[in-house]
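Observations on the three-dimensional arrangement
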Amino acid sequence: MKRNIQFREALSSALADEMTADPSVFVFGLDVPDHKRIFGSTAGLLEKFGPERVFDTPLSEDAMTGAALGAALAGLRPVHVHIRVDFALLGMNQIINMISNLRYMTGGQIGKLPIVIRAVIGRGWGQSAQHSKSLQGMFAHFPGLKVVMPSSPQDAYSLLRASIRDDNPVIFLEHRWLYDVVGEVDDAHAVPLGLANVRRHGKDITLVCTSWMNVEAHKAADLLARRGVEAEIVDVRSIAPLDAATILKSVRRTGRCIVADYDWSFCGFAAELAAQIHHGCFKELKAPVERVGFAHTPCPTTRPLENLFYPSAKTLVRAAERLLGLDEMDLSQEKFYTYEVNFKGPF
Amino acid sequence: MDKAEALGLYQKLYLVRRCEEKIREEYFKDEMKTPVHLGIGGEAISVGVVQALPPAALTFGTYRNHALYLAKTDDVEGFFGELYGRASGRCKGKAGSMHLCYPERGLVATSAVVGTTIPVALGAAMASRYRGRNEVVAAFFGDGATEEGTFWESLNYASLRGLRLLLICEDNELAIHTHVNDRQGHEGLLSAVSGFRCHAERADGSDLPAVLEAARGILRKMEKDPRPGFLHLSYYRFLEHVGPLEDFKFAYRKKPEEKELQRRDPVHRFEQTLAALGARAEEIANVRSKVDERVLKEVAAAQKAPFPEPSELMTDVFV
Ligand SMILES: Cc1ncc(C[n+]2csc(CCOP(=O)(O)OP(=O)(O)O)c2C)c(N)n1
Ligand SMILES: [Mg+2]
């Protein structure tokens, strides 16, 4: 069935469909069953599946993360939800010392570890430094974790289903602003983990994007098109395992690349991408890969500094112009950060 | 408490209330671009405990920190400057509502990750002991924070070392929308902490004189017998968890009767105390109008203040 739905509904549908398909799937975490339902992404689940399978927890992320692992070891398929990834940091001991290692440390005696940790990332409304992190690079740094970042309703739906079905631990990172995005979702369309997605075709430059940066990239590509530059957008989607082949194929063709990772660039996933692209496309590259990411500071609260902290379509256009050796086009009539103006928070 | 002291306290209590009511009035103009966790109903806790603490005592708090900030620092200008994200904000607009602090005036840090400042306050108490002083350090936190391991770890260590760490639990029975009965598996916090070598007291946090008495009482015990203190203060959260509105329409909790709401309103309660102490209506009105004027002035100033310079983005990362 095809429907036009919001990203948040795509998530709740994926959960409902997997819970229907498999009684061992359950969803838990702070605020999961309250009336706000994690910005709507757990809507309808409590009514449909009851409090044994959809439940709240105390503020005890460390223990609850360990409990997710224990439940998975005992044959269940937990989906643990964090309304902000910053709070998952309290569960890092379990995630990094146990969940990511356990199968390997036991010499494979532990077969399956089907755990999904869903976490909301990104900018909201003056979210400041403790409610705005992304952390995909940090999670992907650890062997034994899969890391997924959907950027469309279809991917939110299909990748969440694939993550729940995966027998390995998956960190599933959802940008807060994507929740409002509407798109067609076909529930028969499966997307396996581990594949990048070429979201727009172009021959002049490749924009390799994660999460919200895909939205900025589409706007940048529209602007660049006005001056005859065709940008190709590759949505990484699966941070780990990484589909380097799709990315390299695009860059080999365009010869120019901007890596736009929704995170700090320094020591981040952007650095990994840039290294792999340089290595894999050394002959074809006409210029060094550019990285676009957060300013290397904690996230400030006040809007004018926030707008400097976060890259936008404008940042991408300027970077593309540098790479292509073009003059700066006139962007004075363009509106950037429009989503920021629409978003009224409070979270 | 005599009338003069009471009027002084009322000025602080009413200042907190007025500032938060002003935030409610202004919030939908979309100029304060920061999530606000209002403490309407809980003002007496910060006002009373700060009053009882030695003036130089270091304090730590949470994202629901407006009352603590104002009670401890009396900095209305920096407060509104911060909420409006202006250069005049105490933290230059980098903090917003959730991380307000003023270390020079003893509010060292607040954090929006629940439980986070409890062990930090522990460390400050440890440092004071290290220097041979063992002064009181106070950590404010909500009932939800006691579910985090760090609360118990900190209490354990402070009890072990006999540190003068004052733990103030501001208990509104809610963590966002989840009632304490759906979160805690013990028979009440006071009994749960009773096995530790700490002092423990509870009081009605909506009643400023009761808060003051309980805080002074536990501080006296901590003075005589150096142990951590656990102060359990209950209050009613009048508004939604975050944001300027009421949230009774969502039905996860019932709106109390008007009489009960008045009983849980620390400002209303304390006005009755004032009357009983012989304060005249015009004396009370006088305090209010001065506070009203001050708040109006500072809000107007904040609205006109410049934003931080772009170069501020890169400052303050390192010393
Ligand atoms: C470690 C952590 N987990 C989850 C959250 C999300 N969260 C913010 S406030 C809150 C409830 C906290 O309740 P309580 O400690 O009672 O404080 P109150 O808001 O009632 O003042 C939660 C769950 C958080 N900020 N930090
Ligand atoms: Mg609470």
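Predicted, not measured: the structure shown is a model, and the values here were computed from it.

1. A few points about the packing of helix α3 (residues 66–73) of chain B against helix α4 (residues 76–83) of chain B
Residues and elements named next belong to chain B. Two elements in contact, α3 and α4, have axes whose closest approach is 9 Å; the angle formed by their N-to-C orientations is 150°. Taken together, the axes of α3 and α4 are roughly antiparallel relative to one another. From α3, H66, Y69 and L70 reach across to α4, where they touch V76, G78, F79 and L83. Classifying every residue of the contact of α3 with α4 gives five nonpolar, two polar and no charged.

2. Focus: the pattern of salt bridges
All names here are of chain A. What the rule picks out here adds up to 54 salt bridges over all chains. In this structure, R303 and E306 form a salt bridge, with 3.4 Å as the shortest nitrogen-oxygen distance. Highlighted residues: R303 and E306, both in helix α13 (residues 303–309), separated by three residues, approximately one helical turn. Across the pair, exposure class does not vary: R303 and E306 are buried alike.

3. A short note on the domain arrangement of chain A
Accessible area lost when the parts come together is the quantity often used to give the size of an interface. Residue and element names in this part refer to chain A. By the assigned domains, chain A splits into domain 1 (2–186) and domain 2 (197–341). Spacing between the C-alpha centres of domain 1 and domain 2 amounts to 27 Å. Taken together, the contact between domain 1 and domain 2 spans 28 residues of the former and 30 residues of the latter. Contact between domain 1 and domain 2 buries roughly 2300 Å² in total, counting both sides, with carbon and sulfur atoms accounting for 53%. Taken as a group, R123, M149 and W177 account for 30% of the area that domain 1 buries against domain 2, more than any other trio of residues on that side. Linking domain 1 to domain 2 there are two salt bridges. Among the salt bridges present, the one from R237 reaches D155, with a minimum N-O distance of 3.0 Å. At the level of elements, α8 (136–141), β6 (146–148) and α9 (153–165) are the ones that each hand at least two residues to the side of domain 1 that touches domain 2. Looking at the side of domain 1 that touches domain 2, its residues break down into 12 nonpolar, 11 polar and five charged.

4. A word on the sheet that holds strand β11 (residues 231–235) of chain A
Residue and element names in this part refer to chain A. Read across the sheet, five strands follow the order β9-β11-β10-β13-β14 without closing on themselves; strand pairing throughout is mixed. The sheet is open, and its two edges are formed by β9 (197–200) and β14 (290–294), each paired on a single side. Averaged over all pairs of adjacent strands, the angle between strand axes in this sheet comes to 25°, irrespective of strand direction. Lying on the sheet, helix α12 (residues 269–280) is in contact with β10 (205–209), β13 (257–264) and β14; it crosses β13 at an angle near 160°.

Each value, and the rule that gives it
- Residues numbered from 1 in each chain as written.
- Chains lettered and ligands numbered in written order.
- Predicted model: local features only at pLDDT ≥ 70, side-chain atom pairs only at ≥ 80, totals over all residues.
- Heavy atoms only, no water.
- Axes fitted to C-alpha atoms, helices over the stretch in contact; angles between N-to-C directions.
- Helix = DSSP H or I, 4+ residues; strand = E, 2+ residues; numbered from the N terminus.
- Parallel < 35°, antiparallel > 145°, perpendicular 65-115°, else oblique.
- Contact = heavy atoms within 4.5 Å.
- Nonpolar A, V, L, I, M, F, W, Y, C, P; charged D, E, K, R; others polar.
- Salt bridge = Lys/Arg side-chain N within 4 Å of Asp/Glu carboxyl O.
- Buried < 20%, exposed > 50% of the residue type's maximum accessible area, 1.4 Å probe, protein only.
- Domains from an automatic or database assignment.
- Buried area = accessible area lost by both parts, 1.4 Å probe.
- Pairing = 2+ DSSP bridges.

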